[in-house]
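# Structure at a glance
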Amino acid sequence: MAALPSQDLMTQPYLLNDHKALRDKIGHGDLVEEFAPLRRQVQRQFLDQIQVDPDIKHAVKQLKADGKKVILITDLPESTAKFVLHGAGLGGLADQTYARHDVPPDAPAAAPMAEGIDEPVTALPADMPDADVLDHVVAAENVVPTKTLRLATGHDCTMETAKATGMRTAMTKTFSTGGNQTDADFIVHTAKQLREAVAQAV
């Protein structure tokens, strides 16, 4: 899941009661609920930007069913990550997801997005540099890098960090036509290739 200008966009419908111009004009009522259709439209449009390869998703679910541990790392803020995982059909896919903190001052308004979504998401330490995230997750999850396959689905800024630990990386077809894909250990175009990469790396 790539970082989008997400939280500001997603939280605006929850902040309408605090919008002075609207409150002065309308004066009463719950604007959040009154404009709920707008909120749902914004959410649908946001989810339309999330591209999930169905074959890869199925393969990862099968790997989990076979006893493999699945950990997701995303640049999305915590509440938005829960909403996206649920809305994009990825709920229950990961044993644990690591996300960024909800961004102040919109953090209180972000919480309703994740209301009722039971998804294991842990917020990374605030202001943690991207280069330190992988090492943090490896330590937190007691990961053995040499027995782990990292599946890169976005612009990859931690390839060198992964290689330094002995962890191998597979890059999905969505991003295998540019960037530093030649540094990946595997290029994954199909679910079968993903299973083969796991068999070799884990």
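Structural data are supplied above this passage.
Presented here is an overview of the structure given in this document. Within any chain, residue numbers begin from 1 and follow the written order of that chain's sequence. Residues qualify for local features only when their pLDDT is at least 70, as the model is predicted, and side-chain atom pairs are given and counted only at 80 or more; totals for whole chains, interfaces and linings, by contrast, use all residues. Remark: hydrogens and water are excluded; side-chain values derive from all non-hydrogen atoms of the structure.

### Looking at the pattern of salt bridges
What counts is decided by this rule: A pairing counts as a salt bridge when a side-chain nitrogen of Lys or Arg comes within 4 Å of a carboxyl oxygen of Asp or Glu. Helix numbers and strand numbers start at the N terminus; a helix is a DSSP run of H or I with at least 4 residues, a strand a run of E with at least 2.
Tallying each qualifying case throughout the model produces 3 salt bridges. Between Asp130 and Arg100 there is a salt bridge; the shortest N-O distance is 2.6 Å. Placement of Asp130 in helix H8 (residues 130-140) and of Arg100 in strand S2 (residues 96-100) is noted, with a sequence separation of 30 residues between them. Its salt-bridge partner being Lys163, residue Asp185 comes within 3.7 Å of it at the nearest N-O pair. With Asp185 in the loop between strand S5 (168-172) and strand S6 (186-188) and Lys163 in helix H9 (residues 159-165), this residue pair connects regions lying 22 residues apart in the sequence.

### Thoughts on the pairing of S2
Short version of the rule: To sort residues, take the accessible area from a 1.4 Å probe on protein chains only and compare it with the maximum for the residue type: under 20% means buried, over 50% means exposed, and anything in between is partly exposed. Strands pair, by our definition, only if DSSP identifies at least two bridges between them. A crossover gets the label right-handed when its path from the first strand over the helix to the second runs clockwise, viewed with the strands pointing away from the viewer.
Burial of S2 is extensive: 5 of the 5 residues sit out of reach of the surface. Where strand S1 (residues 71-77) and S2 come together, 4 bridges link them in parallel fashion. Looking at S2, one finds that Ile71 is bridged to Gln96. On the question of chirality, the crossover connecting S1 to the parallel S2 by way of helix H6 (residues 78-87) is right-handed. Across 3 bridges, S2 lies against strand S3 (residues 121-123) in parallel orientation. Along S3, the bridge assignment pairs Tyr98 with Thr122.

### Let's talk about the environment of His136
Put simply, the rule reads: In this description, contact between two residues means that some pair of their heavy atoms is separated by no more than 4.5 Å.
Relative to the helices and strands, His136 is located in helix H8. Taking relative accessible area as the criterion, His136 reaches 27% and is therefore assigned partly exposed. With 12 residues separating them in the primary sequence, His136 and Leu124 have C-alpha atoms 8.5 Å apart. When near neighbours in sequence (up to four residues on either side) are disregarded, His136 contacts Leu124, Pro125 and Met128.

### Topic: the sheet that holds S1
Heads up, the condition is: Only C-alpha atoms enter the line fits that serve as axes; for helices the fit covers just the stretch in contact. Angles between N-to-C directions range over 0 to 180 degrees.
A sheet is described by the order of its strands in space; here 3 strands give the open sequence S1-S2-S3, paired in parallel fashion. The strands lining the two open edges of the sheet, one partner per strand, are S1 and S3. Adjacent strand axes in the sheet meet at a mean angle of 30°, parallel and antiparallel pairs treated alike. Most of the contacts of H6 go to S1, to which it runs at about 120°, and overall it touches S1, S2 and S3.

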